[in-house]
Amino acid sequence: MVRLTEGDFGRETEYSTDPVAVAGRFRDAGARWLHVVDLDGAKAGEPRQAEVARAIVEAVAGGARCQVAGGLRSDAAVADALDAGAARVVVGTAALRDPSFAGRLVERHGAERVAVGLDVRDDLAVGDAWRHGAAGVPVADAIDALTAVGVETFIVTAVARDGRLEGPDVALLGAIVAMGQG
């Protein structure tokens, strides 16, 4: 289990080599949801740690639900994550590039099982594992396009704050909530 600082793969802090055990401790401590990210998959553009994600989902079943993310850029990858027991998937790059992809997933699996990651840097929703120089979409445009195809849940991350243990970017979250109400 690792944490990246500001999404930088060169600034990784390792907490454990046993993510399944860590997930079990979170469940035992009362966590109702776990956000499981295949960072290798996010970087590669396709799942790389699907078996680990499956093991985490199985280990916490009955006590916590898991949302799985990272490299879910195809219908098959999403279906595999859901079939493995994930309560919800979080798609990012593919949904930002093609909102109809997210719409198709919502239609097939239901809005409660599909979320879109809005990873925000400099007022842009970015994908591609947050690599610097990756193209982004203005956040308001992304929300408009994705809500138009049925997306109801967004997982918002302020890239500049991620992994810094400084708490959420309340101003960003407030602005996004206001966009969704407009």
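All values derive from a computational prediction rather than experimental measurement.

## Some details on the side chain of R88
- For R88, the position within the fold is in strand 5 (residues 88-91).
- Of the side chains with opposite charge, E152 comes closest to the buried, unpaired R88, at an N-O distance of 8.9 Å.
- Once you skip the residues sitting within four places of it in the chain, R88 turns out to touch W33, C66, Q67, V68, L82, E112, R113, V114, A115 and T153.

## Quick look at the environment of M179
- For M179, the location among the structural elements is in helix 8 (residues 170-181).
- The contact partners of M179, leaving out residues within four places of it in the chain, are V139, A140 and I143.

## A closer look at helix 1 (residues 19-28)
- Along helix 1, the positions that sit buried rather than exposed are V22, A23 and G24.
- Taken from the residues just after helix 1, G30 is the one with a positive phi, measuring 105 degrees.

## Focus: the side chain of S16
- Mapped onto the elements of the fold, S16 is located in the loop between strand 2 (8-14) and helix 1.
- A polar atom in the side chain of S16 sits 2.9 Å from the backbone nitrogen of D18.
- Those residues in contact with S16 that sit more than four places away from it in its chain are M1 and V22.

## Some points on the nonpolar core
- Judged by nonpolar contacts, the single largest core of 41 residues is most densely connected at L34, V78, V91, V116, L118 and L146.
- Residues in contact with V116, not counting those within four places in the same chain, are V90, V91, A95, A102, L146, V151, T153, F154 and I155.

Criteria and thresholds
- Residues numbered from 1 in each chain as written.
- Predicted model: local features only at pLDDT ≥ 70, side-chain atom pairs only at ≥ 80, totals over all residues.
- Heavy atoms only, no water.
- Helix = DSSP H or I, 4+ residues; strand = E, 2+ residues; numbered from the N terminus.
- Buried < 20%, exposed > 50% of the residue type's maximum accessible area, 1.4 Å probe, protein only.
- Lys, Arg positive; Asp, Glu negative; His and termini not counted.
- Salt bridge = Lys/Arg side-chain N within 4 Å of Asp/Glu carboxyl O.
- Contact = heavy atoms within 4.5 Å.
- Polar contact = N/O pair within 3.5 Å; in protein donor to acceptor, adjacent residues only side chain to side chain.
- Core = buried A, V, L, I, M, F, W, Y, C linked by side-chain atoms within 4.5 Å.

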